[in-house]
Amino acid sequence: MCGRYATTRSNADLSQFFEAADLTAELPPSWNVAPTDPVPLVRESQSHAARVLDTARWGLVPPWAADPRQGARMINARAETVATSKAFASSFARRRCLVPADGWFEWVRDGKRKQAFYMTPADGAPLAFAGIWSAWGPESMLTCSVITTAALGGLARIHDRMPLILPPDRWAGWLAGGGDPEPLLRPLDEAALAAIEVRPVGPAVGNVRNNGPELLDAPVEVTLF
């Protein structure tokens, strides 16, 4: 976790919602974001002296990595170790970001098959995953990871991990850099967690080549819960 998610809002909508200047070309909506895909992120830019909407490759590549393909294994950073990990600590201290999302996918094995579930706010509001970013190579390619934490409440029935989701009142502190890791990495409160809907979806999301709003349609029958 998190290995697939959806982010379908336009640059204009995201820049307005996050109060960020848009620095990037328009990204197409994606209902099935996969590792190494280009994704929107929100970060503080020193050169622009402002919060900006930017594009990064999903899967953080540390500056010292010899090959950008290493990022495919680094799409997530664990909240328990992100502040001390060799790969992630410098980004956590100085290069934190928000990763906009509509929701994320997980799978539960049911005998010989896997049932996909989509976790998303019941009211349709955007999510802000806690993320970190880094620049790699001579062209300073931006890459990012989503921070995950232990799943809470009913979400633990689906998977033992979930994205660290940040409400708006925590965005400024997160993007500022520095600070005590413990409060920065605290999970959602119970009220916010209760607003997350768990929706069964069909198997098509398991194939990265499938990408459209039909992926969020529920299967005919689900017997797990």
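Owing to the predicted nature of the structure, the values given are computational and were not obtained by experimental measurement. (Residues numbered from 1 in each chain as written. Predicted model: local features only at pLDDT ≥ 70, side-chain atom pairs only at ≥ 80, totals over all residues. Heavy atoms only, no water.)

### Quick notes on the packing of aromatic side chains
Each aromatic ring pair is described using two quantities: the centre-to-centre distance and the angle formed by the ring planes. Where we set the bar: Side-chain rings of Phe, Tyr and Trp, where Trp is taken by its six-membered ring, are said to pair if the distance between their centres is within 6.5 Å; with planes under 30 degrees apart they count as stacked, over 60 as edge-to-face, and otherwise as tilted. Secondary structure follows DSSP: runs of H or I at least 4 residues long count as helices, runs of E at least 2 residues long count as strands, and numbering of each begins at the N terminus. Summary of the burial criterion: residues with accessible area below 20% of their type's maximum are buried, those above 50% are exposed, and those between are partly exposed, where the area comes from a 1.4 Å probe applied to protein chains only.
With the rule as written, the count across this model stands at eight aromatic pairs. Measuring from centroid to centroid gives 5.7 Å for Tyr 5 and Phe 129, while their planes differ by 65 degrees, and the two rings are edge-to-face. On the criterion of sequence distance, the pair formed by Tyr 5 in strand E1 (residues 5-7) and Phe 129 in strand E10 (residues 127-136) is long-range, its members being 124 residues apart. Accessibility classification places Tyr 5 together with Phe 129 in one group, the buried group.

### Section: the nonpolar core
Stated precisely, the cut-off is as follows: Residues belong to one nonpolar core when they are buried, are Ala, Val, Leu, Ile, Met, Phe, Trp, Tyr or Cys, and are joined through side-chain atoms within 4.5 Å.
Tyr 5, Trp 58, Trp 104, Phe 129 and Ile 165 are the most contacted members of the largest nonpolar core, which totals 29 residues. Mapped by element, the contributors of at least two residues to this core are strand E4 (38-45), strand E5 (50-58), strand E7 (96-101), strand E8 (103-110), strand E9 (113-121), E10 and strand E11 (141-150). Listed in part, the 25 residues of the second largest apolar core include Ala 20, Phe 92, Ile 132 and Leu 164.

### Focus: the layout of surface pockets
This is how it is decided: Within this scheme a cavity is a closed region of a 1 Å grid, computed over the protein atoms alone, that accommodates a 1.4 Å probe without allowing it to escape, whereas a pocket is open but has protein on both sides within 12 Å along at least five of seven lines; lining residues each have an atom within 4 Å of a point. Grid points are joined across faces, edges and corners, and a volume is the space filled by probe spheres set on the points. We call Asp, Glu, Lys and Arg charged. Ala, Val, Leu, Ile, Met, Phe, Trp, Tyr, Cys and Pro are nonpolar, and the rest, Gly among them, are polar.
The volume enclosed by the largest pocket comes to roughly 270 Å³. Lining the largest pocket are 16 residues, and of these Pro 121, Ala 125, Pro 126, Leu 127 and Ile 165 sit closest to its centre. Of the residues contributing to the lining of the largest pocket, the split by class is 15 nonpolar, no polar and one charged. Empty space within the second largest pocket amounts to approximately 210 Å³. For the second largest pocket, the full set of lining residues is Arg 43, Glu 44, Ser 45, Gln 46, Ser 47, Arg 94, Arg 95, Arg 96, Trp 133, Leu 175, Ala 176 and Gly 177. Of all the secondary structure elements, the ones that give two or more residues to the lining of the second largest pocket are E4 and helix H3 (171-176). It is E4 that provides the largest number of residues to the lining of the second largest pocket, a total of three residues.

Any functional reading would require information that these geometric values do not contain.
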